[in-house]
Amino acid sequence: MVNIILEKVNKIFSPDVHVLKDIDLEIQDKEFLVLVGPSGCGKSTCLNIIAGLEYVTDGRILFNNIDVSYLPPKERKVAMVFQSYALYPHMNVRDNMSFSLKLSKTDKRIIDKRVKVAAEILGISELLDRKPKELSGGQRQRVALGRCMVRNPTAFLFDEPLSNLDAKLRTQMRGEIIKLQKRLGITLVYVTHDQVEAMSMADRIAILFDGRIQQLGTPSEVYNCPTNLFVAGFIGSPTMNFIDTKFDQKNRNMLIFGEQKYPLPEDIANKLVKASFENLILGIRPEHIKVTTQTHQDSYEVEITVIEYLGAETIITFEFPDKISAMAVTPGFYPGRMGDIAYISFSPDQIHVFDSETEMNLIHFPS
Ligand SMILES: Nc1ncnc2c1ncn2[C@@H]1O[C@H](COP(=O)(O)OP(=O)(O)O)[C@@H](O)[C@H]1O
Ligand SMILES: [Mg+2]
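Residues numbered from 1 in each chain as written. Chains lettered and ligands numbered in written order. Predicted model: local features only at pLDDT ≥ 70, side-chain atom pairs only at ≥ 80, totals over all residues.

A.B. asks: Quick question: what am I supposed to make of the site of ligand 1 here?
C.D. replies: Every residue near ligand 1 is listed here: Phe13, Val17, Val19, Gly37, Ser39, Gly40, Cys41, Gly42, Lys43, Ser44 and Thr45. At the level of secondary structure, the elements contributing two or more residues to the shell around ligand 1 comprise strand 2 (17-27) and helix 1 (43-51). A total of three residues in the shell around ligand 1 trace back to one element, the largest contributor, which is helix 1. Of the residues contributing to the shell around ligand 1, the split by class is four nonpolar, six polar and one charged. (Near = placed C-beta within 6 Å. Helix = DSSP H or I, 4+ residues; strand = E, 2+ residues; numbered from the N terminus. Nonpolar A, V, L, I, M, F, W, Y, C, P; charged D, E, K, R; others polar.)

A.B. asks: It is not clear to me how the nonpolar core should be interpreted in this structure. Could you clarify?
C.D. replies: Side chains of nonpolar character tend, in soluble globular proteins, to be buried together. Ranked by internal contacts, the top residues of the largest apolar core, which has 88 residues, are Leu35, Leu157 and Val189. Split by domain, the residues of this core number at least three in each of domain 1 (4-233) and domain 2 (239-355). With residues near it in sequence (within four places) discarded, Leu35 still touches Lys43, Cys46, Leu47, Val189, Val191, Ala206 and Leu208. (Core = buried A, V, L, I, M, F, W, Y, C linked by C-beta atoms within 7 Å. Buried ≥ 20, exposed ≤ 12 C-beta atoms within 10 Å, placed from the backbone. Domains from an automatic or database assignment. Contact = placed C-beta atoms within 7 Å.)

A.B. asks: When you look at helix 4 (residues 108-122) in this model, what are you seeing that I'm missing?
C.D. replies: Structurally, the α-helix is built with 3.6 residues per turn, so residues lying three or four positions apart point the same way. Helix length check: helix 4 (15 residues) gives 21 Å between terminal C-alpha atoms against 21 Å at 1.5 Å per residue, within 8%. Among the residues making up helix 4, those that are buried are Val115, Ala118 and Ala119. Taken around the axis of helix 4, the buried residues stretch over an arc of 100 degrees, which confines them to a single face. For helix 4, exposure combined with an orientation more than 90 degrees from the buried face picks out Arg109, Ile110, Lys113 and Glu120. For helix 4, the elements touching its buried residues are helix 3 (93-103) and helix 5 (137-149). Positive backbone phi, approximately 70 degrees, marks Gly123, located one or two places after helix 4. (Expected span 1.5 Å × (residues − 1). Arc of directions from axis to C-beta.)

A.B. asks: What is the right way to look at the domain arrangement of the protein chain in this model?
C.D. replies: Often, the extent of an interface is quoted as the loss of accessible area on bringing the components together. Here the protein chain is partitioned into domain 1 (4-233) and domain 2 (239-355). Look at where the C-alpha atoms of domain 1 and domain 2 centre, and you get two points 39 Å apart. With four residues of domain 1 at the contact, the number on the domain 2 side is six residues. By residue class, the composition of the side of domain 1 that touches domain 2 is three nonpolar, one polar and no charged.

A.B. asks: Before we go on, may I ask you to explain the pairing of strand 18 (residues 325-331) in this structure?
C.D. replies: In this sheet, strand 18 lies alongside strand 17 (residues 313-319) in antiparallel orientation, the contact comprising seven bridges. By the bridge assignment for strand 18, Glu313 is matched with Pro331. Between strand 17 and strand 18, which follow one another and run antiparallel, lie five residues, and Lys323 among them has a positive phi close to 80 degrees. (Pairing = 2+ DSSP bridges.)

A.B. asks: Would you mind going over the sheet that holds strand 17 with me for this structure?
C.D. replies: Neighbouring strands of a sheet are bound in pairs by backbone hydrogen bonds; such pairs are parallel or else antiparallel. The five strands lie next to each other as 15-19-16-17-18, forming an open sheet whose pairing is antiparallel. Among the strands making up the open sheet, the edge pair consists of strand 15 (289-292) and strand 18. For this sheet, the mean angle separating the axes of adjacent strands, direction not counted, is 45 degrees. (Axes fitted to C-alpha atoms, helices over the stretch in contact; angles between N-to-C directions.)

A.B. asks: Any chance you could explain the sheet that holds strand 14 (residues 279-284) here in plain terms?
C.D. replies: Judged by pairing direction, the sheet is antiparallel, and its five strands sit side by side in the order 13-12-11-14-20 without closing on themselves. Looking at the sheet topology across the chains shown, the edges are occupied by strand 13 (260-263) and strand 20 (351-355). Each strand axis lies, on average, 40 degrees off the axis of its neighbour in the sheet, ignoring direction. The pairing of strand 11 (residues 241-248) with strand 14 spans six bridges and is classified as antiparallel. Across the sheet, Lys246 pairs through a bridge with Asn279, a residue of strand 14.

Here it is in structure tokens:
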């Protein structure tokens, strides 16, 4: 069992490739931590540094408060699972799973026992005599997990392990990995570029961008209180609407965007008055916009420009009369078509306001 600390970690591949900048991160014992960010932001580099496959340029890695920054991978005893399962094609499942234990000259009875237990937990006991080519993608992924489990690692490190699977299997494996991690009670660091995967699996999410952790928090914290514009746009699908806006203090605390005025309740207006910001960005998640065919209280009249029926929900793109465009998601089937007039509203509890210069969220911040 292990708690992992990254302390002011920097990784510089070359003067213009400064991938990780002063990363501070504590991964708690038994935690499921997801490191998420766009492709190329340094997720794999960060994971490799924890594993010992890469070394820090500056800073330290601590396992249970012991500095392991320059220990080789095998002394850290972490287990990595990659996108490509890297199974040995000529070996059957049993041999694939026991290979590393055989190398370390573990007693055969112990190996057999561990393989049996892992295979049972993963539901692959019937497959032990098969070769990788005789397995489905999901079964191969389970074997790759089993190969890690038998080594009783201090932590699991997963680098986009589900990217090669089709959507349905990915959802199923997500559930299985969560169950497995809780059952084994093991620290797990999981890297993905997919925010849905991050939201659905993590105890806490670390969002990496521009060499820095933009926010560290539970799925609900990063969704409800994104610290900045990047996090707000990265978490959630369809993406949060961002609309340029100004704050008008004189005129009864209104947000003004295009020809529209949006009155703010006092508590929110006070936060903006204090900061006295000029150029702001109004953020509204599509799922927080109410759309109706008839006018309703505090609604704006808009024109529907695109309508997408997804079965469980409808995605509606619309325009205000001044052509400012945004997206809404409504549950179920929306009875309207392209070109129709609709009425939209959104609650001040659910809006976000960002300073367009610092890009920081000015009204909802994590406590
Ligand atoms: N060994 C290396 N040498 C030089 N540059 C590298 C090396 N490994 C990764 N990089 C660069 O570091 C950046 C981050 O890469 P990576 O950690 O693989 O990102 P991610 O996993 O988030 O997609 C990329 O710009 C990549 O080109
Ligand atoms: Mg990567």
